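Descriptive analysis of the structure
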Amino acid sequence: MTDVSDGVLHTLFRSDQGGHEQVVLCQDRASGLKAVIAIHSTALGPALGGTRFYPYASEEEAVADALNLARGMSYKNAMAGLGHGGGKAVIIGDPELVKSEELLLAYGRFVASLGGRYVTACDVGTYVSDMDVVSRECRWTTGRSPENGGAGDSSVLTSFGVYQGMRASAQHLWGDPSLRDRKVGVAGVGKVGHHLVDHLRAEGAEVVITDVREEAVRRVLDTHPQGVTAVADTGELIRTEGLDIYAPCALGGALDDDTVPVLTAKVVCGAANNQLAHPGVEKDLADRGILYAPDYVVNAGGVIQVADELHGFDFDRCKEKASKIFDTTLAIFARAKSDGIPPAAAADRIAEQRMAEARAAR
């Protein structure tokens, strides 16, 4: 028998990172669809989380990512005060090569087969136009275009929430929420990152950016000819002299044993999911005196938006909810100080308490 003790089944059933309610493997050979839908918790309501379309190196890597992302969504939705549990889906493949209408429709049928236990939306590699296609087969789809009854691009409020988390971090560390004249490094200026740069420049922050895509960097530099500079890669960015805040806004695992020791920033606050590469990194940050704003707290603006879409979208109502990320982040820093633990652990405690209370009330 194959030994899976170190694989995804171990994570699912026996590790502290597991505890998922359901994992669905989806395949449609006609369209080439291979997907994983992971539901971590429905304690607070139907699981809600985006669909990631990514060329994973292996199916095992895709399942592991779905598990991690779904768990993160449970915590994110709990901290955002939403009536939703956590779920996530990943579609395996390069979206530039294999994405098709037929594939997205097949994916929509699989989501629909769950009967509302999982509500999907956009994530890395998927866009509003894709959700419009998925919604033709699945009514439990958010992040659709306004023309199709949706709220449109959720990255607008995601970036706004990260910006509020930065302001809260500045308030906690420096006694003033203003980011004027602060130097902020943004790694990844795609869907969310470029909006974040807009907020930062509007307040008068100095911004340093990097992205693996030259066109993404050029777009930001063309929009902001003053106050924004670019560096070659993330390694150079995190070593930038005088950096006040580092904002990882690309894929996860940005904070690891190699990056934390060389970070020049005093604050880490970004939009990427699962920024801590492994347990213990949050303590390494704290030991270096670096304030970490938990990713799933500050990047919740997008999920606040797509959740609201299910009830008739109102942008002003969503923005008001997203602005409360400022207060939530401050509350986490206060809890971390009172409990003598890193902010990431404090946020986990609060989220776990909310989910436990919801399960007990059933």
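First, a word on scope: everything that follows refers to the structure included in this document.

Rules behind the numbers
Residues numbered from 1 in each chain as written. Predicted model: local features only at pLDDT ≥ 70, side-chain atom pairs only at ≥ 80, totals over all residues. Heavy atoms only, no water. Phe/Tyr/Trp six-rings, centres within 6.5 Å; stacked < 30°, edge-to-face > 60°. Helix = DSSP H or I, 4+ residues; strand = E, 2+ residues; numbered from the N terminus. Buried < 20%, exposed > 50% of the residue type's maximum accessible area, 1.4 Å probe, protein only. Salt bridge = Lys/Arg side-chain N within 4 Å of Asp/Glu carboxyl O. Polar contact = N/O pair within 3.5 Å; in protein donor to acceptor, adjacent residues only side chain to side chain. Contact = heavy atoms within 4.5 Å. Core = buried A, V, L, I, M, F, W, Y, C linked by side-chain atoms within 4.5 Å. Pairing = 2+ DSSP bridges.

1. Looking at the packing of aromatic side chains
By the definition in use, this model includes three aromatic pairs. Note on Tyr 75 and Tyr 296: the rings are 5.7 Å apart at their centroids and 65° apart in plane angle, and the pair reads as edge-to-face. Remark: Tyr 296 occurs in helix H11 (residues 295–298) and Tyr 75 occurs in helix H2 (residues 59–79); sequence separation between them is 221 residues. Accessibility expressed as a relative area gives 10% for Tyr 296, which makes it buried. Pairing Phe 313 with Phe 315 gives two aromatic rings, centres 6.4 Å apart and planes at 75°, and the pair type is edge-to-face.

2. Some remarks on the pattern of salt bridges
For side chains bearing opposite charge, pairing can occur when the charged atoms are close. The full count for this structure, using the stated rule, is 18 salt bridges. The closest approach of N and O atoms between Arg 136 and Glu 101, which form a salt bridge, is 2.8 Å. Taken together, the residues span a long stretch of sequence, with Arg 136 in the loop between helix H5 (128–134) and helix H6 (155–174) and Glu 101 in helix H4 (residues 101–112) at a distance of 35 residues. For Arg 136, a relative accessible area of 53% puts it in the exposed group. Look at Glu 101 and you get partly exposed, because its relative accessible area is 44%. Among the ionic pairs, Asp 222 bridges to Arg 218, the shortest N-O distance being 3.5 Å. A residue pair is termed a helical-turn pair when its members lie 3 or 4 positions apart in one helix, as Asp 222 and Arg 218 do in helix H8 (residues 214–223) at four residues. The class of Asp 222 is exposed, set by a relative accessible area of 52%. Among the charged side chains, a network of salt bridges with common partners joins Arg 52, Asp 65, Lys 88 and Asp 123.

3. Quick notes on the side chain of Ser 159
With respect to the helices, strands and loops of the structure, Ser 159 is situated in helix H6. Among the polar contacts made by the side chain of Ser 159, one reaches the main-chain carbonyl oxygen of Val 156 at a distance of 2.8 Å. Excluding anything up to four places from it in sequence, Ser 159 contacts Val 192, His 195, Leu 196 and His 199.

4. Description of unusual backbone geometry
Phi at Asp 181 is positive, roughly 70°, even though this residue is not glycine. Considering the arrangement of structural elements, one finds Asp 181 in the loop between H6 and strand E7 (183–187). Its relative accessible area of 64% is what places Asp 181 among the exposed residues. Of note in this structure, Asn 274 is not a glycine but carries a positive phi near 50°. Looking at where Asn 274 falls in the secondary structure, it is placed in the loop between strand E11 (267–268) and helix H10 (281–287). The class for Asn 274 is partly exposed, based on a relative accessible area of 28%.

5. Some thoughts on the nonpolar core
General note: in soluble globular proteins, nonpolar side chains tend to be found buried as a group. One finds Tyr 107, Met 166, Val 186 and Ile 209 to be the most contacted residues of the largest nonpolar core, which totals 69 residues. In this structure, Ile 209 is in contact with Val 186, Val 189, Val 197, Val 217, Val 220, Leu 221, Val 228, Thr 229, Ala 230 and Val 231, ignoring residues within four places of it in sequence. Ranked by size, the runner-up nonpolar core spans 18 residues in total, among them Leu 243, Val 260, Leu 263 and Ala 265.

6. Focus on the pairing of strand E10 (residues 245–248)
Residues Ile 245 and Ala 247 point to one face of E10 and Tyr 246 and Pro 248 to the other, with burial holding for every one of them. Relative to E10, E7 runs parallel, the two sharing four bridges. Note that in E10 the partner of Ala 187 across the bridge is Pro 248. Judged from the two bridges that link them, E10 and E11 form a sheet pairing that is parallel.

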